[in-house]
Amino acid sequence: MGTEDNTFPQGAEEPHRRHHAVEAPDPQPFLKSLQYSVKETLFPDDPFRQFKNQTTSRQVVLGLKYFLPILEWAPLYNFKLFKSDLIAGITIASLAIPQGISYAKLANLPPILGLYSSFVPPLVFAVLGSSKDLAVGTVAVGSLLTGAMLSKEVDAEKDPKLYLHLAFTATFFAGVLEASLGIFRLGFIVDFLSHATIVGFMGGAATVVSLQQLKGIFGLKHFTEATDVISVMRSVFSQTHQWRWESGVLGCCFLFFLLSTRYFSTKKPKFFWVAAMAPLTSVILGSLLVYFTHAERHGVQVIGDLKKGLNPLSVSDLVFTSPYMSTALKTGLITGIITLAEGIAVGRSFAMFKNYNIDGNKEMIAFGMMNIVGSFTSCYLTTGPFSRSAVNFNAGCKTAVSNIVMAIAVMFTLLFHTPFFHYTPLVVLSSIIMVAMLGLIDYQAAIHLWKVDKFDFFVCMSAYFGVVFGSVEIGLVVAVVISIARLLLFVSRPRTAVKGNIPNTMIYRNTDQYPYSRIVPGLLILEIDAPIYFANAGYLRERITRWVDEEEDRIKASGGNSLQYVILDMSAVGNIDTSGISMMEEIKKIMDRRELKLVLANPKGEVVKKLTRSKFIGENLGKEWMFLTVGEAVEACSFMLHTSKTEPASKEEPWNNV
């Protein structure tokens, strides 16, 4: 702790001046307090501010612009912006087409659905989304989750029609969840997926997805439905006699090509388009190679026929009957939360680079509506994937028109070019997925977590190993449970510390953080760093008592002045409930039994209001034992110690503080 000082804190003023009063806030009607609480909880950004003092017609226009962001930037759109968006849109289309086909296979869905999902949802997002850089499409993790969860109930090969309908239904429920969170402004629920959780979960999912692609690399026809690494590796190495060397060689060649272009673009950022075009180039080269060599006759599996034409309607295909509705609902809720968290995080990241803000609730509504509309038009789960958005950003996109350009390019592919994908080898799709997954294994972020916060690193690794050795659901549940447990630990075990005086100042700080701070003789100053609730009231009672015990033991050992006052610094206590008030009453009784005086410093308005209503201040503590600052409390207590007083001066004397 610090060393004792038998004089007033250095720099303290003479104790003849009047101290500032601790005021309780004016009482507010219950409905007004409730309105304020709801506003701060659901509308922290005050979206209604722009409607104040506006005419009715202007309010209608502002309302339309709020719900349809395209109306805000479309009138200012020009040809210069279009040129940038055109280049970006064509670039991301070259990535979206092969990725869409690949990720659909990952979800055990027909490859054509990957193209459908890159056509309708981007158009919806361009109208409703507020992000300029997000490129919409299917994602590997969402596809993996969809395939893993639906496959537990329905076999995609034995009953492909039912499996397909459940995928549409899960997408619908995901959209309803996302839109509801945005409409009711409950996006803070997504915040329970901490950064550490997402890093670990994404890394684990990327590892599992990469290993599953060994099926395509080695040309295996039968493979495990499990996602854990042990089952996957057992499935791979138990079928060594069925490995196709032709497929393996082709896969290794395309892996080398894709990794090389990725490395080149990383080292030469100006040539970002090289890595962006590499997947489509691989598809074209692979298709030509199979076509001219007839490799499909020698064990190289190909996509086969893709249906020509635009998205067929699928409203009537949604399944709302038992026993499968619960499966679709569970899948939709989990995949919706995961992809929503990813999309919001990606959108905010790129918005930060360009110094503009996105409205998280608008984005949630946009994601929700594009998935709802997508489920009606033969699409499955979509969001804003990082890889595609990064390409869009680097390509120089200016607005969401780049998504429209991409959708038009996909539309032409659906109308005229699907026969060209007949000879596309599955091994190329596996290679594309494996390389894309490498970008999701963010080992640098894990190292950063280790350096900054070991517990966050533990959460990250729990999510990672839960996914890799268990399943995607287990990894997610483990990580969320640990994150919530940590949150509860913060609430139930708040930090408390002894404060001392910084020499030559009236400043009081934690003696552990500032070892040169000095303990004021006869006083114990304790800071409480959290609101006092039922969850931590018992702990705080025991911890404060132990601080007093330790201080008295220290004084006995050093032969210093006996302890007379215990000052609680309430600066960080923003609120208190009835359990907390009961704890304060118990602390007061404990101090009285020990012949110590309890003093409160800088209690917040809400705390003062509740302590006053409970009569703790009036009947137990006394108004004269509350001070506006720690410095004033120390000054008053030190004055009484040096003048042998046991109580502050009466209301008529200058010591009055209320």
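Residues numbered from 1 in each chain as written. Predicted model: local features only at pLDDT ≥ 70, side-chain atom pairs only at ≥ 80, totals over all residues. Heavy atoms only, no water.

A.B. asks: Whenever I open this one, the overall build of the protein chain confuses me. Can you help?
C.D. replies: Regarding its fold elements, the protein chain presents 26 helices and six strands. Taken over 658 residues, the protein chain has a buried fraction of 52%. In the protein chain, the share of contacts with a sequence separation of at least 24, taken over all contacts with a separation of at least 6, comes to 80%. When the accessible area of the protein chain is evaluated, it comes to approximately 30,800 Å², of which 62% is carbon and sulfur surface. Distance between charge centres in the protein chain, computed from 59 positive and 54 negative side chains, equals 8 Å. (Helix = DSSP H or I, 4+ residues; strand = E, 2+ residues; numbered from the N terminus. Buried < 20%, exposed > 50% of the residue type's maximum accessible area, 1.4 Å probe, protein only. Contact = heavy atoms within 4.5 Å. Areas by Shrake-Rupley, 256 points an atom, 1.4 Å probe, with all protein chains shown as cover. Lys, Arg positive; Asp, Glu negative; His and termini not counted. Charge placed at Lys NZ, Arg CZ, Asp CG, Glu CD.)

A.B. asks: Please clarify how the sheet that holds strand β4 (residues 565-569) should be interpreted in this entry.
C.D. replies: Pairing between the strands of a sheet is mediated by backbone hydrogen bonds and can be parallel or antiparallel. Strand order in this open sheet of six strands is β2-β1-β3-β4-β5-β6, and the pairing throughout is mixed. The sheet is open, and its two borders are formed by β2 (508-510) and β6 (626-627), each paired with just one other strand. As paired elements, β4 and strand β5 (residues 597-601) share five bridges and run parallel to each other. Bridging across to β5, D569 finds its partner in A601. Each of β4 and β5 touches helix α23 (residues 578-593); the most contacted strand, β5, lies at about 140° to it. Running at roughly 175° to β4, helix α26 (residues 630-642) makes contact with β2, β3 (523-528), β4, β5 and β6 of the sheet. (Pairing = 2+ DSSP bridges. Axes fitted to C-alpha atoms, helices over the stretch in contact; angles between N-to-C directions.)

A.B. asks: Would you mind showing me how to read the environment of R58 here?
C.D. replies: Locating R58 in the fold gives a position in helix α2 (residues 56-67). The spacing of R58 and I70 is 12 residues in sequence and 17 Å in space, taken between C-alpha atoms.

A.B. asks: Please explain the side chain of Q239 as it appears in this structure.
C.D. replies: For Q239, the location among the structural elements is in the loop between α11 (229-237) and α12 (245-267). Setting aside residues up to four positions removed in sequence, Q239 forms contacts with L220, H222 and F223.

A.B. asks: Looking at this structure, I do not really get the pairing of β5. What am I missing?
C.D. replies: Side chains on a regular strand alternate between the two faces of the sheet. Counting buried positions over the five residues of β5 gives four, a clear majority of the element. Handedness of the β-α-β unit built from β4, α23 and β5 comes out right-handed. As defined by bridge partners, β5 adjoins β6 across two bridges and the pair is classed as parallel. Each residue of the ladder has a partner; that of A601, found in β6, is F627. (Right-handed = clockwise from strand over helix to strand, strands pointing away.)

A.B. asks: What is the right way to look at the nonpolar core in this model?
C.D. replies: One recurring pattern in soluble globular proteins: nonpolar side chains tend to sit buried together. If you look at the biggest cluster of nonpolar residues, it comprises 104 residues, and the most contacted ones within it are L109, L113, V141, F201, Y380 and M437. When residues in this core are grouped by element, the largest group, 11 residues, is from helix α8 (residues 160-183). Setting aside its immediate chain neighbours within four residues, Y380 contacts Y103, A104, A107, L109, L113, S117, T138, S143, T171 and N371. Counting 51 residues, the second-largest nonpolar core is a separate cluster that includes V22, V498, I532 and C637. (Core = buried A, V, L, I, M, F, W, Y, C linked by side-chain atoms within 4.5 Å.)

A.B. asks: Looking at this model, I keep getting lost on the pairing of β4. Mind explaining?
C.D. replies: Burial runs high along β4: five of the five residues are buried. On β4, burial covers both faces: Y565, I567 and D569 on one face and V566 and L568 on the other are all buried. Pairing analysis gives five bridges linking β3 to β4, with the strands arranged parallel. Paired with L526 across the two strands is L568, which belongs to β4.

A.B. asks: For this particular structure, what's the right way to read a negative patch on the surface?
C.D. replies: A cluster of acidic residues, D155, E157, D159 and E225, forms a negative patch at the surface. For D155, a relative accessible area of 33% puts it in the partly exposed group. (Patch = residues over 30% accessible without salt bridge, like charges linked within 9 Å, V, L, I, M, F, W, Y side chains within 5 Å. Salt bridge = Lys/Arg side-chain N within 4 Å of Asp/Glu carboxyl O.)

A.B. asks: I keep staring at helix α14 (residues 325-353) and nothing clicks. Help me out?
C.D. replies: An α-helical segment advances 3.6 residues per turn. Residues three or four places apart therefore align on the same side. For α14, which comprises 29 residues, the first-to-last C-alpha distance of 42 Å matches the rise-based estimate of 42 Å (1.5 Å per residue) to within 8%. Positive phi appears at N355, one or two residues downstream of α14, with a value of about 60°. (Expected span 1.5 Å × (residues − 1).)

A.B. asks: Is there a simple way to explain the pattern of salt bridges in this structure?
C.D. replies: Any two side chains of opposite charge can pair, so long as their charged atoms come close to each other. Here the structure, examined in full by the defined rule, presents 14 salt bridges. Between D133 and K354 there is a salt bridge, with its nearest N and O atoms 2.7 Å apart. Here K354 lies in the loop between α14 and α15 (360-376) and D133 lies in the loop between α6 (120-128) and α7 (140-151), a separation of 221 residues in the sequence. On the accessibility criterion, D133 (0% relative accessible area) is buried. Its salt-bridge partner being K588, residue D592 comes within 2.9 Å of it at the nearest N-O pair. With a gap of four residues between them, D592 and K588 both fall in helix α23, about one helical turn apart. Residue classification places D592 among the partly exposed positions, given a relative accessible area of 39%.

A.B. asks: Teacher, can you tell me more about the UniProt feature "domain: STAS" (unreviewed entry) in the protein chain here?
C.D. replies: Residues annotated in UniProt with the feature "domain: STAS" (unreviewed entry) correspond here to residues 513-637. The distance from the first to the last C-alpha atom of residues 513-637 is 24 Å, and the span holds 51% helix and 14% strand. (UniProt positions renumbered as here; feature names shortened; annotations may be inferred.)

A.B. asks: Mind showing me how you'd approach the packing of aromatic side chains here?
C.D. replies: This model, assessed by the stated rule, comprises 25 aromatic pairs. Site record: aromatic cluster; members linked through ring pairs are F172, F173, F320 and F376. The ring of Y356 has K132 lying over it, and the distance from NZ or CZ to the ring centre is 4.8 Å. It is R543 that lies over the ring of W547; its NZ or CZ is 4.0 Å from the centre. (Phe/Tyr/Trp six-rings, centres within 6.5 Å; stacked < 30°, edge-to-face > 60°. Lys NZ or Arg CZ within 6 Å of the ring centre and 35° of its normal.)

A.B. asks: Honestly, unusual backbone geometry in this entry has me stumped. Any pointers?
C.D. replies: A cis amide bond links S322 with the next residue in sequence, P323, at an omega value of 5°. The phi dihedral of N108 falls on the positive side, at around 65°, and the residue is not glycine. With respect to the helices, strands and loops of the structure, N108 is situated in the loop between α4 (79-106) and α5 (112-116). For N108, a relative accessible area of 33% translates into the label partly exposed. If you check the backbone angles, R185 has positive phi at about 55° while not being a glycine. One can find R185 in the loop between α8 and α9 (195-212). On the accessibility criterion, R185 (7% relative accessible area) is buried.

A.B. asks: Looking at this structure, I do not really get the side chain of S402. What am I missing?
C.D. replies: If you trace the backbone, S402 turns up in helix α17 (residues 401-417). A distance of 3.2 Å separates a polar atom in the side chain of S402 from a polar atom in the side chain of N392. Of the polar contacts made by the side chain of S402, one reaches the backbone oxygen of T399; its length is 3.3 Å. When neighbours within four sequence positions are excluded, S402 is seen to be in contact with D85, A88, G89, I92, N392 and C397. (Polar contact = N/O pair within 3.5 Å; in protein donor to acceptor, adjacent residues only side chain to side chain.)

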